[in-house]
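# A structural walkthrough
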Amino acid sequence: MKSASLIVLFLVFAAGSISAQTNQTMFCSRHPLRIFGDHSTVNLTPLFQWWTRHERATRTDPVRPLAAWQRITGTKVADLEFNWVVDAVIYTSPSTRTNARIILKNPPVAEEQAFYNLKAQLAEAGPRIANDQRASQANTKAAQKAESRAQADQRSRNARTRVNGNNYSQQAEQERAAAAAALNDQKEVEQARALAEKQLAAIPTVNGKYQIDWFGMEIGRNKQGQLIYDLGVLDANSP
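Residues numbered from 1 in each chain as written. Predicted model: local features only at pLDDT ≥ 70, side-chain atom pairs only at ≥ 80, totals over all residues. Heavy atoms only, no water.

## Section: the confidence of the model for the protein
- Residue-level pLDDT values for the protein average 83, and 79% of them are 70 or greater.
- Of all the helices and strands in the protein, helix H1 (residues 2-5) carries the lowest mean pLDDT, 38, while strand S9 (residues 227-230) carries the highest, 96.
- Taken together, the stretch residues 1-24 has pLDDT below 50 and engages in 61 contacts with residues farther than four places along the chain or on a different chain. (pLDDT = per-residue confidence, 0-100. Helix = DSSP H or I, 4+ residues; strand = E, 2+ residues; numbered from the N terminus. Contact = heavy atoms within 4.5 Å.)

## Quick word on unusual backbone geometry
- The phi torsion at His31 lies on the positive side, around 50°, for a residue other than glycine.
- Counting through the fold element by element, His31 comes out in the loop between helix H2 (25-28) and strand S1 (33-35).
- A positive phi angle is found at Asn106, which is not glycine, with a value near 50°.
- Its place among the elements puts Asn106 in the loop between strand S5 (96-105) and helix H4 (109-154).

## A short note on the pairing of strand S3 (residues 69-80)
- In terms of strand pairing, S3 meets strand S8 (residues 212-221) through six bridges, oriented antiparallel. The residue of S8 that forms the bridge with Gln70 is Gly216.
- By the bridge criterion, nine bridges tie S3 to strand S4 (residues 83-93) in an arrangement that is antiparallel. If you follow Ile72 over to S4, its bridge partner there is Ile90.
- Counted along the chain from S3 to the antiparallel partner S4, the turn is two residues long, and its residue Glu81 has a positive phi close to 55°. (Pairing = 2+ DSSP bridges.)

## So, the sheet that holds S4
- Read around the closed barrel, the five strands follow the order S3-S4-S5-S9-S8; overall the barrel is mixed. Averaged over all neighbouring strand pairs, the angle between strand axes comes to 55°, with direction disregarded.
- Set on the sheet, helix H3 (residues 45-54) makes contact with S3, S4 and S8; between it and S4 the angle comes to about 55°. (Axes fitted to C-alpha atoms, helices over the stretch in contact; angles between N-to-C directions.)

Next up, the structure:
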């Protein structure tokens, strides 16, 4: 199941720098189609719609679709073979919740990995952009200096000096090319950073750390009495 979970790696999410909130359905109401081991598919769209309608209601209609599915938020505390151990907040409705340490089957491995990959990408982007800026400025100054020397030497009546002028012209061209390359790299990194920021903003976080926020189905307890929830395998075609 772990390999199947990787199906969602880098599915592009929404934009904006937002931390997960318990009263926001934008995170938990993702990927309504869930696949299970017998190849059956569950469509959570009716639950998503019900949850959104009742999120701000002072009273919650007790009759709701897919009662076995509950909203799970929290943080991973351990890996357990192909499952996660999670310190979870479990919502049976937008206004009713309990805390429990649970076992989570088919955990969002790909999303967690995407989160850390994006964080690393953003950490590398700043220094690389600064290096490109410094390189572009230094190469531009060097090109200007070489061009000035070339122009001065080429005006000389001395043949050897004029040869030196040609060498300075070649140096100026090389420096300009290096400056342009650094500037192009800076633009590419800035574009990649903007995309990474969009993708990262649509992954639930709390205090800069990855936060689980999904609907999962309660499937029982283990021998130690811990609740077990299953997210199902996410359908790659599910928005």
